[in-house]
Amino acid sequence: MLKYDLVVIGGGPAGMAAALKAKECGVKKILILERAETLGGILEQCIHAGFGLHYFGEELTGPEYAYRFIEQVEASDIEVKVDTMVLEIRTGNVVIATNNVDGMLEISATAIILAMGCRERPRGALDIPGSRASGIMTAGTAQKYVNIDGYMPGKKIVILGSGDIGLIMARRMTLEGAKVEMVCELMPFSGGLQRNIVQCLEDMGIPLKLSCTVIQTHGIERLEGVTIANVDENRRPIPGTEQYVECDTLLLSVGLIPENELTRMAGIIIDPITNGAIVDENRQTSRPGIFACGNVLQVHDLVDYVTEESQIAGAGAAAYIANRPRGRNRYVSVSGKDGVRYVVPQNINVSTEQDVKLYFRVADVYRNARIIVESGDKVLFSKKKPKLAPGEMEYVIIKAKDIGELEKKQLVVRLEVPKQ
Amino acid sequence: MQYDVAVIGAGVCGAMITRELSKLNLKIVLLEKCNDVAMGTSKANSAIVHAGFDAEPGSLKAQLNVQGASLMAYYCNKLSVPYKNIGSLVVAYSWDDMKTLDELFERGFANGVPNMEIISQEQLRTMEPYISDEAIGALWAPTAGIVSPYELTVAATENAVLNGARVKRNSGVFDIEFKNDMFSLSTATGVIKAKYVINCAGVFADQIAKMIGDTSFKIIPRKGEYYLLDKNEKKMVNHVLFHCPSKMGKGILITPTAHGNVLMGPTAIDLDFDSKLDLDTTIEGLNIVKNDVRTVIPALSTRNCITSFAGLRAHIAGDNSDFLIAPSKANGHFINVAGIESPGLTAAPAIARYVGNIFHDIAPQYERKESFQTTRPAPIRVNELSDDARRALVEKDKRYGRIICRCEGITEGEIIDAIKAPCGARDVDGVKRRTRAGMGRCQGGFCGSKVVEILARELGEDMNEITKFGNNSNILYERTK
């Protein structure tokens, strides 16, 4: 059995930032396990620019952003095993993994950081009736074919869902000579970043059809077309609005699912809204010594925030390894209501010495809504924002001092929406 | 090429019959119009071993069902196919239903179904804790089970190949001539000559029979739509759960699959004679399944659905809906194996033996081989191994240490085995059916492109020549700029 102070599962932006932070905080033996052939995670196929504006203050491509961390990992004594898949986390923080160099690995760790990222919601989960023709795939799969393998997965394309990957691929496929007919979005608003809607659709002349979905796929072998329809406020197709659109490819960008198979197997408690672990302000999960960060914890829209969150987890794991805290912590629980779908972290140690950033997402598009953080009658934060949208993650900072002084051990983040 | 026997259609019956006849000293070819075996009804059905209480006593269906159910364990063991003898329950919700259970029991008894029992609400609850409160009793048939139908087809084909049979894929038959006691079959890959023909063409069996002038039956494609749920719903159902039957079939069922998912369906919609390629799922059909399932296990959530699909049953038009397994009246050297709808999968092992007997009657000149090999080498299933066995295997061949499909934990070694096997996989869906790579909850989102890459490498083709399931189901076009 191999022994490490810290095992990081996943070598994407989250895993690398967490490992580097832990190193910086004095953790000695660190191992990163990555299932792909290289470090970098999904950034490796995101060859467009737009990464790093917040964190580095400059615009980088995905591989460039990743490389800044890969360089640091390589320069450090952090060990890395690529092409390595973790199969299980057993009791006593024992990690079972496999690859084609070492065979089966059994690794004991003082602390573990979960940084497995997320996956795209597949066609099957969407319930789109129709044929099983080829040419229906997630936008991320198409992105890999185009950017990594160098093949075109289609020529005449309809994109369902206006998530960021879908928007990025609309532009990418157009630049590669494909005709992107339209992007259909079930909701009355896009779930993607505003800047992507402008740069990837408007600038490319690709129509975005809101409140519209694909209700049938056609074609026996290769996809030949789709039927689209407008939907009502309950997201049900409106009869009479059906329209046939000829296409050979349907790309899906309809949501991301944190990859928490290992987390669930390890018996860690999952938040039903984020589909990630419930964590405290150090990103420690319900299992002591196991931390989570990045898209496996909550789906982010900017890698910059992933890096930030992962550094918190890295520092948290380092503190855990140094102190081996015992006994129960006292927590302030955090939740969202009135238009706030979720808040991360879900718990804060009452004795936290650092200010805490609460990340959250809203349920709808709101204009001039007020963000309020309160505990009972006590208001800790209150600020109006001109626009809030589900596609953009928000945060507020709460002072450590304020948390320590709370009478009621509950914090609520909510919106006050002006009446129309 | 000249053969003694040509079997048309590599579904579960065609494959099992080819295997059965490869026990004899003869040259046999299995002709399949698709890029792989098990591409019709055999890949999209309920994957159930029926106990045998549904069919009319005295019918061929009843006889071959009960025989097949008792043979299935033996065949799956010999051929290394996932099979579980979990038993079935027909659930009753009213006193009328309870009366139907009595009738089913009587019918099962007449058919020779062993060890059935009518059980109380309480017993039912113990066996199925999540069953609807409205359920008041059930018919328990312990001989029922679940099997992986496409793996059975693949395994039987591989075993037949090991015993000397030829398989020709992409070889759909479009014309048959009979001259001087010899059939000439025009196929997409050339003319095949054979002394005997066995028609296992599923929903197309009527069209094949018509080529020799046999118009005695017509096949209606009867569509059934299904949902497949994630493995995390596994605890919700322990046995094959049926409704009380209706005229259109056994109704919608809920069952675990041999691999631990939950399957629910099918609907039963008769299509036109010319809609035999229509495998579209429909909003209406899927809604029927969704709503029906709620009445059986209210807590079962289709939110955990990982895919939906449709299959076509080969239903013979007319009132008598028995299997048609007999030499054709138009030509005694041509055996029809037609109308093999439910319980066709269950019956398949018995159908193979039954056809073997018919063949012996019409062609007694062929003798048994001495060298028939009854088993196929068991495929390596890495995630079923113990830690130690797995370690030892990876030590020997590192490719079994490299995971390609994350969801199902399938390794590169297993995928290469599936491609290199006798009658191996040639397309992405073929790899999926043989190894389960891409069958999990991400449905090939991550591993799909890696499987394309491995197929291209192992078959010596370019990635853009690799298809999802043959013909024009290409995945990639030309290279990027």
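Residues numbered from 1 in each chain as written. Chains lettered and ligands numbered in written order. Predicted model: local features only at pLDDT ≥ 70, side-chain atom pairs only at ≥ 80, totals over all residues.

> Can you lay out the nonpolar core for me, pointing to particular residues and giving the numbers?
One finds L6, V7, I9, I113 and L114 of chain A to be the most contacted residues of the largest nonpolar core, which totals 150 residues. Tallying contributions element by element places helix α7 (residues 303–323) of chain A first for this core, with 9 residues. Non-local contacts of I113 of chain A, meaning those with residues more than four positions away in its chain, are made with L6, V8, I9, G15, A18, F291, C293, A313, G314 and A317 of chain A. V161, V197, V296 and A352 of chain B belong to the second-largest nonpolar core, a separate cluster that totals 134 residues. (Core = buried A, V, L, I, M, F, W, Y, C linked by C-beta atoms within 7 Å. Buried ≥ 20, exposed ≤ 12 C-beta atoms within 10 Å, placed from the backbone. Helix = DSSP H or I, 4+ residues; strand = E, 2+ residues; numbered from the N terminus. Contact = placed C-beta atoms within 7 Å.)

> Give me the lowdown on helix α11 (residues 428–435) of chain B, citing residues and values where you can.
Residue and element names in this part refer to chain B. Buried residues dominate α11, accounting for 8 of its 8 residues. For α11, every residue scored as buried is listed here: V428, D429, G430, V431, K432, R433, R434 and T435. In this structure, the buried residues of α11 make contact with α5 (149–162), β22 (410–411), α10 (412–420) and α12 (447–459). The positive-phi residue at the C-terminal boundary of α11 is R436, with phi of around 80°.

> Which residues make up the domain arrangement of chain B, and what values do they have?
Residue and element names in this part refer to chain B. Under the domain assignment, chain B is made up of domain 1 (1–85 + 143–218 + 317–378) and domain 2 (382–465). Spacing between the C-alpha centres of domain 1 and domain 2 amounts to 29 Å. Taken together, the 12 residues of domain 1 in the interface contact 9 residues of domain 2. If you tally residues by element for the side of domain 1 that touches domain 2, the top one is α5, at 6 residues. When grouped by side-chain class, the residues that make up the side of domain 1 that touches domain 2 number 7 nonpolar, 2 polar and 3 charged. (Domains from an automatic or database assignment. Nonpolar A, V, L, I, M, F, W, Y, C, P; charged D, E, K, R; others polar.)

> Tell me what's going on with the interface of chain B and chain A, and back it up with residues and numbers.
Across the boundary between the two partners, chain B contributes 45 residues, which contact 41 residues of chain A. Of all the secondary-structure elements, those providing two or more residues to the side of chain B that touches chain A are α7 (283–296), β18 (305–316), α9 (387–396) and α12 of chain B. Looking at the side of chain B that touches chain A, its residues break down into 15 nonpolar, 17 polar and 13 charged.

> Can you lay out the sheet that holds strand β25 (residues 378–388) of chain A for me, pointing to particular residues and giving the numbers?
Residues and elements named next belong to chain A. The sheet built from 5 strands is open, its strands ordered β22-β20-β27-β24-β25 with mixed pairing. Each of the sheet's edge strands pairs with one partner strand only, and the pair in question is β22 (347–349) and β25. Strand-to-strand twist of the sheet, defined as the mean angle between neighbouring strand axes without regard to direction, takes the value 20°. Bridging between strand β20 (residues 331–337) and strand β27 (residues 410–416) involves 5 bridges; their strand directions are parallel. Following the sheet pairing, S333 is matched in β27 by Q410. (Pairing = 2+ DSSP bridges. Axes fitted to C-alpha atoms, helices over the stretch in contact; angles between N-to-C directions.)

> Lay out the environment of K156 of chain A with the relevant residues and their values.
Residues and elements named next belong to chain A. Turning to its location among the elements, K156 is positioned in strand β11 (residues 156–160). Between the C-alpha atom of K156 and that of M182, which follows or precedes it by 26 residues, the distance is 10.0 Å. Not counting residues up to four positions away in its chain, the partners in contact with K156 are K179, E181, E246, C247, D248 and T249.

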